[in-house]
Amino acid sequence: MAALRLAMPPGYSGGRFWNGCDDMKRAFSYGDRSIDSVVARVNEIQCVALIGAGTMGQGIAIDLLNKTDYDLIVVDIQQEVLDRTRSTFESSWAKQVKQQRLREEDAKALSARVTYTQDYKELQRADIVWEVATERGEIKGKIFAALEAHLDPERIAAVFSNTSSHTTAELAVLFKSEAFREKFLTVHGYFPFDANRLIDVMKGKYASNETFQLGVIFADQILEKTVVALPVDHHGYITDPIFQAMAAIISWDVKRSRDVVQLGGLWDMFTANPFVVLDQTGHMPYYESSRHLGDALPETDRLRSLYDRDGKRYPDWIATLEKAGRGGISTSERRGFYGWSEGGRPKPTTVFDPESGDYQPIGEISRKDFWSFYEAAERDRRAGKIKSADSLVHVACADDAGGRAFRRYALPLCLYALDMIQDGIATPGQINISTRAGLRYKVGLIEVIDALIAHLTLDGVIELVRRARDENADDPHMLGMLDVDGEIGPRKGKPCLLHELKKRNLTRLLGYGRFYRTPVAELDLASGTYRGSYLDLRFHEPSSRDRVASIVFNNPLRGNVFNHANIDQLGHAFSRVLKLHREGRCGAVLFTAAGGGMRMLGADAREFNRGWFERDKGYVPLSEDEAAASSRNGVGLFRLIQKSPVATMAVFGEKWGGGAEFTYFLDLRYDVRAEGFVFDTLERRTVWQKKNTYNQPELDYAILPGFGAAGELKRLGMGDSVIFEIFDQGMTADRAYDSGVSNGVFDDELEALRRGYERARNMAKDAPYSRALFKQELARGTDDEALAKETGETFNPRKNPYIKTGLLALLDRGARGPKMDYSCVDTALPGWGYPTENGVAEMDAVEEAGGGASGAAGS
């Protein structure tokens, strides 16, 4: 199913171009030995087969070709479709060669890796088969029968289906063999696949745990996606039912062309008009999903009536478009809900009018009737915000057509999200991440619910839903969707989760960071506590054996930029590290980045502009206080990481601006060499060569390195000449190693991770008191008398309880001494903090970064 194609990453032209890296993605276990065998199986994959060469199949193929060295088999029943797919790929590579984004030899290598066929016998060499052909169950059944006839279930690692509306169990039973059912998952990406970061992996009741783990690791580390992993079956995962409903709930009220624009305009405040998006993705998945959901949704599903009105799965005006073959941009007429312009970046020019059956000019949303929409936009403009939660709350409470639209169309989806939490289908963080990453909401759906609660209280939100119910009293379908008290409709007998939250005095579903109040944690409904939940990071808990936590920056489509959300999430993640360290469970952290090349960009340039950047308006400057706060917050967090008694290890590739600055604060840095096209400014041509891994371009853009590069490079012992070199021309990995900036250089990403993790594991063995004191000495500089005093203190077991165990290992090397107790709960670490009634003061202050909810957001 579709997600929103609002903005493409730099350089995107219908498919992410290959970066020329010979070191393609492989998986890493981050010390979790329970998944070692699954990681090994993922790293054995050599060939993936895709069944279906349509829009989604092509997107998956391009993504796999870019990120792996796999062979691909593309299967389709129509030779014409296969020929068109081959032509699309070859044309794209030829264009990239011409634009000097791809070498000619690399284009030939890419072409040689793809087999286009109608013959299922070719699939015998595939490790994974991914069905991306149709939403119709009967056709999937025929495809699965062909797979059973030609595949060896013992050899195949997994079979995926990219369904938008089926559950995993519904499709698994189409296989006759239990062996295939155990290897089957639904794995679902979003349009455009190679430029949308969300992916769903759903287990169902038949797949083995090993298959589920393989699917999650493959989606996470090979496809480099933000994974929402669902052990429990649910029609359409999380994201698809919400997107489908965004269009469906409005569609029954559309009578004229202006309704498509004005009612659909409500969703523009969250992300984009769903009718615009459906035209971009194609209508067929929407039709097929509506038909299936109308047949298959359980009686308890709040949104069931959207797909069953007098036996109809969608209204007549949409059926008219379907019958006429008007399915959006990709059709010959370039018409769907809208009429579209020709050219490389098509735009809607007209809109379908159900009343006349013609296409009419797109009018403006009525300022008289929908004044709250315009007020909300102006409020955001004045505050320098973009589609904020505060503005959505303003519309939700407004007494105009905009407010009534919010209450009629958005509130049922908010209640549906609460149902999924209440029924144990999904967590608050999963729902929020799904709507932000997959549907590209500026404010996640759970953030909207939290904002409503914060503004109105729980009682006030319940009354707002009752107000919506009264406003729609003449529509029985809406009454069921707006039932908050468990009185009527699909949720009869089960009052909304809002009532339980009120009873338990839980006033937020998410925890928020202390710097910018962006989400960092989610409510665990069972315990009433909060646990980390990150959109832009992955946090790997330390094993008891290694005591190494891993923090992975996880937004490769945007180069893993440092933005407000990222700073909040890093602050919360490191607060978890400090809690684990205090308990003796963590001694070191490995920092790295997801994505090919392990790139780490600097501060997010979008946040350098106050509000939404518009080319015709130009740069709108931040205030001095706002810019200073950005520097202060980032450096304050980095300094905390630097000063902490936890050992820190960095493994990255290309680093730019703030991404490079962050690594200067860490104890050790390993670099992965980079190669690629670089523009030679003297010869005025692009050449293939080694690329810089340290880049500080700030001065070129009339700004300063606000995360402390100059001072930290000085601290690392770099002279002015080396610092100017980094700023004025950049540094390759080898040059950085020779200069002392880097501590190790590697060609292979996996080898860099393995070696970096092993180094961190050995660093984690340091006794906490000694490491804390050593860091204090480094920060202080030369002081001989202080050194003598502190050396004496380390031999005092009342101050340094670790000395007993540490010296035994040194003195009696032939014996197996006792294990060191790394706990710091009852120990005052030098320069770090002293025991209080509630623990170490400085640690507790950091822990508040995850607060903002009822109860502290912890691990």
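Report follows, based on the coordinates. On a predicted model such as this, the values are computed, not experimentally measured, just so you know. (Residues numbered from 1 in each chain as written. Predicted model: local features only at pLDDT ≥ 70, side-chain atom pairs only at ≥ 80, totals over all residues. Heavy atoms only, no water.)

**What about empty space enclosed by the protein?**
Phase 1 of the analysis: Scanning the model with the defined rule gives eight cavities of 30 Å³ or more in all.
Phase 2 of the analysis: Of the volumes computed, that of the second largest cavity is approximately 120 Å³.
Phase 3 of the analysis: Taken together, 13 residues line the second largest cavity, and the ones lying closest to its centre are Asn432, Ile433, Pro519, Ser533 and Leu535.
Phase 4 of the analysis: Listed by contribution, the elements that provide at least two residues to the lining of the second largest cavity are helix H17 (428-438), strand S13 (519-524) and helix H21 (564-582). (1 Å grid on protein atoms, 1.4 Å probe; cavity = no way out; pocket = protein on both sides within 12 Å on 5 of 7 lines; lining within 4 Å. Points joined across faces, edges and corners; volume = space filled by probe spheres on them. Helix = DSSP H or I, 4+ residues; strand = E, 2+ residues; numbered from the N terminus.)

**Regarding the sheet that holds strand S17 (residues 588-593)**
Phase 1 of the analysis: With respect to topology, six strands assemble into an open sheet ordered S15-S16-S17-S18-S20-S24, the strand pairing being mixed. Bordering the open sheet on either side are strand S15 (537-540) and strand S24 (744-746), each of which pairs with just one other strand. The sheet shows a mean angle of 15° between the axes of neighbouring strands, direction not considered.
Phase 2 of the analysis: Relative to S15, H21 is tilted by about 5°, and along the sheet it contacts S15, strand S16 (548-553) and S17.
Phase 3 of the analysis: Sitting on the sheet, helix H27 (residues 749-763) is in contact with S16, S17, strand S18 (647-652), strand S20 (668-672) and S24, with an inclination near 175° to S18. (Pairing = 2+ DSSP bridges. Axes fitted to C-alpha atoms, helices over the stretch in contact; angles between N-to-C directions. Contact = heavy atoms within 4.5 Å.)

**A few points about the layout of surface pockets**
Phase 1 of the analysis: Roughly 1200 Å³ of volume is contained in the second largest pocket.
Phase 2 of the analysis: Around the second largest pocket, the lining is made up of 35 residues, and of these Val216, Asp220, Val227, Arg538 and Phe539 lie nearest the centre.
Phase 3 of the analysis: Mapped by element, the contributors of at least two residues to the lining of the second largest pocket are helix H8 (209-222), strand S8 (226-230), H17 and S15.
Phase 4 of the analysis: Take the lining of the second largest pocket: its biggest share by element is six residues, from H8.

**What to know about the environment of Ala383**
Phase 1 of the analysis: Topologically, Ala383 is positioned in helix H14 (residues 371-383).
Phase 2 of the analysis: Residue classification places Ala383 among the partly exposed residues on the basis of a relative accessible area of 36%. (Buried < 20%, exposed > 50% of the residue type's maximum accessible area, 1.4 Å probe, protein only.)

**Things to note about the nonpolar core**
Nonpolar side chains in soluble globular proteins tend to end up buried together.
Phase 1 of the analysis: Residues Ile242, Trp267, Phe406, Phe553, Leu570, Phe591 and Phe662 are the most contacted members of the largest nonpolar core, which totals 150 residues.
Phase 2 of the analysis: The element contributing the most residues to this core is helix H16 (residues 401-422), with 14 residues.
Phase 3 of the analysis: With 47 residues, the next largest nonpolar core counts Ile35, Met56, Phe191 and Val201 among its residues. (Core = buried A, V, L, I, M, F, W, Y, C linked by side-chain atoms within 4.5 Å.)

**A few points about the sheet that holds S8**
Phase 1 of the analysis: With mixed pairing, eight strands are arranged side by side in an open sheet as S3-S2-S1-S4-S5-S6-S7-S8. Of all the strands in the sheet, the pair left with one neighbour each is strand S3 (114-117) and S8. Put simply, the sheet's adjacent strands are angled 20° from each other on average, direction ignored.
Phase 2 of the analysis: Bridge analysis of strand S7 (residues 198-202) against S8 gives five bridges, and the strand direction is parallel. Looking at the pairing, Ile199 lines up with Val227 of S8.
Phase 3 of the analysis: On top of the sheet, helix H3 (residues 79-98) reaches strand S2 (71-75) and S3; it is set at about 155° to S3, its chief contact.
Phase 4 of the analysis: Sheet strands touched by H17: S7 and S8. Its angle to S8, the strand with the most contacts, is close to 140°.

**Some words on the packing of H17 against helix H18 (residues 445-471)**
Phase 1 of the analysis: Contact geometry for H17 and H18: axes closest at 6 Å, N-to-C directions at 115°. For the pair formed by H17 and H18, the contact residues are Pro428, Ile431, Asn432, Thr435 and Arg436 on the first element and Leu445, Ile446 and Glu447 on the second.
Phase 2 of the analysis: The residue inventory of the contact of H17 with H18, partitioned by class, reads four nonpolar, two polar and two charged. (Nonpolar A, V, L, I, M, F, W, Y, C, P; charged D, E, K, R; others polar.)

**Considerations on a nonpolar patch on the surface**
Phase 1 of the analysis: Judged by side-chain polarity, Phe608, Tyr701 and Ile703 come together as a nonpolar surface patch covering roughly 310 Å² of accessible area.
Phase 2 of the analysis: Along the chain, Ile703 falls in the loop between strand S23 (694-695) and helix H24 (709-715).
Phase 3 of the analysis: The class for Ile703 is partly exposed, based on a relative accessible area of 34%. (Patch = residues over 30% accessible without salt bridge, like charges linked within 9 Å, V, L, I, M, F, W, Y side chains within 5 Å. Areas by Shrake-Rupley, 256 points an atom, 1.4 Å probe, with all protein chains shown as cover. Salt bridge = Lys/Arg side-chain N within 4 Å of Asp/Glu carboxyl O.)

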